[in-house]
Amino acid sequence: MTGVALPLALLANGLAAGVLVATVLGVVPFYMTLTAPSYVRAHAFAVGRYDPFQPACLLVTFVADVLVAATEPRLAGRVLCAAAALTAGSVVIVSLTRNVPMNRWVKAQNPDALPAGWDMEAFRRTWARWNRTRTWLAVLALVLNGSAAVALL
């Protein structure tokens, strides 16, 4: 099982972490330069592309890591993949409780008739902070999965 599940976890985790790192490095700084209507348009556009992809990668990572943790005979592999599964699960929790509700709110807005009193700067900063949190969790899960792969060579 490890021979299939761990490479799958590495692939899915690497894709998820890569998308999140790219968002931190390029998308968020771009968002910070936009006017409110342009920000809402850009954010809604990106959400429609990342949201279907990101959860699938994290789910595959989680399931594959759980499979390795449950079936790998060597302790190092079990422990590292269990930790990676918990960390990938933490990315999902942050996403579902923080970023996804904000993404849904943005997608529901009319960029040309934004709510009066909406504090776009605070919204962007909060979204970016939670996005950084889940990014570093995804990177940590990838480090744990890579460590498991090395330990099981």
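Residues numbered from 1 in each chain as written. Predicted model: local features only at pLDDT ≥ 70, side-chain atom pairs only at ≥ 80, totals over all residues. Heavy atoms only, no water.

### Here's the deal with helix α3 (residues 75-107)
Consideration 1: Its 33 residues place the ends of α3 45 Å apart at the C-alpha level, agreeing with the 48 Å of an ideal helix rising 1.5 Å per residue.
Consideration 2: At S95, α3 shows its largest bend, some 45°. (Helix = DSSP H or I, 4+ residues; strand = E, 2+ residues; numbered from the N terminus. Expected span 1.5 Å × (residues − 1). Bend = angle between axes of the 7 residues up to and from the residue.)

### A short note on a nonpolar patch on the surface
Consideration 1: A cluster of nonpolar residues, M1, L59, F62, V63, V66 and L67, forms a patch on the protein surface that exposes about 530 Å² of accessible area.
Consideration 2: Here L59 shows up in helix α2 (residues 36-71).
Consideration 3: We classify L59 as exposed; its relative accessible area is 53%. (Patch = residues over 30% accessible without salt bridge, like charges linked within 9 Å, V, L, I, M, F, W, Y side chains within 5 Å. Areas by Shrake-Rupley, 256 points an atom, 1.4 Å probe, with all protein chains shown as cover. Salt bridge = Lys/Arg side-chain N within 4 Å of Asp/Glu carboxyl O. Buried < 20%, exposed > 50% of the residue type's maximum accessible area, 1.4 Å probe, protein only.)

### Here's the deal with the nonpolar core
In summary, soluble globular proteins display a tendency toward joint burial of nonpolar side chains.
Consideration 1: Formed by 15 residues in total, the largest nonpolar core has its most connected members in Y31, L34, Y39, V40, W118, F123 and W127.
Consideration 2: Of all elements in the fold, only α1 (2-31), α2, α3 and α4 (120-151) reach the threshold of two or more residues within this core.
Consideration 3: The residues touching L34, leaving out its near neighbours within four places in the chain, are Y39, A42, M120 and R124.
Consideration 4: If you look at the next biggest cluster of nonpolar residues, it comprises twelve residues, including V68, A69, C81 and L144. (Core = buried A, V, L, I, M, F, W, Y, C linked by side-chain atoms within 4.5 Å. Contact = heavy atoms within 4.5 Å.)

### Things to note about the pattern of salt bridges
Consideration 1: Per the stated rule, a full pass over the model turns up three salt bridges.
Consideration 2: We note a salt bridge from R74 to E72, for which the minimum N-O separation is 2.7 Å.
Consideration 3: On the basis of relative accessibility, which here comes to 40%, the residue R74 falls in the partly exposed class.
Consideration 4: For R124, the salt bridge identified is with E121, shortest N-O distance 2.4 Å.

### Describing a positive patch on the surface
Consideration 1: A cluster of basic residues, R98, R125, R129 and R132, forms a positive patch at the surface.
Consideration 2: The element best represented in the positive patch is α4, accounting for three residues.
Consideration 3: Assignment of secondary structure puts R125 in helix α4.
Consideration 4: Overall, the relative accessible area of 49% leaves R125 in the partly exposed class. (Lys, Arg positive; Asp, Glu negative; His and termini not counted. Charge placed at Lys NZ, Arg CZ, Asp CG, Glu CD.)

### Remarks on the packing of α3 against α4
Consideration 1: With their axes 8 Å apart at the nearest point, α3 and α4 run at an angle of 160° to one another. With respect to their mutual orientation, α3 and α4 come out roughly antiparallel. Handedness of the α3/α4 crossing: left-handed. (Axes fitted to C-alpha atoms, helices over the stretch in contact; angles between N-to-C directions. Parallel < 35°, antiparallel > 145°, perpendicular 65-115°, else oblique. Left-handed = near helix turned anticlockwise from the far one by under 90°.)

### Section: the environment of A122
Consideration 1: If you trace the backbone, A122 turns up in helix α4.
Consideration 2: Each C-alpha atom, one on A122 and one on A151, is 43 Å from the other, the two residues being 29 residues apart in sequence.

### Things to note about the confidence of the model for the protein
Consideration 1: Chain-level pLDDT for the protein is 96 on average; 100% of the residues reach the 70-or-more range.
Consideration 2: Taking the mean pLDDT of every element in the protein, the minimum, 95, falls on α2 and the maximum, 98, on α4. (pLDDT = per-residue confidence, 0-100.)

### Some thoughts on the UniProt feature "transmembrane region" (unreviewed entry) in the protein
Consideration 1: Residues annotated by UniProt as "transmembrane region" (unreviewed entry) correspond here to residues 6-32, 76-97 and 135-152.
Consideration 2: Secondary structure across residues 6-32 divides into 96% helix and 0% strand, with the first and last C-alpha atoms of the span separated by 37 Å.
Consideration 3: Strand forms 0% of residues 135-152 and helix 94%; the C-alpha atoms that close the span are 26 Å apart. (UniProt positions renumbered as here; feature names shortened; annotations may be inferred.)

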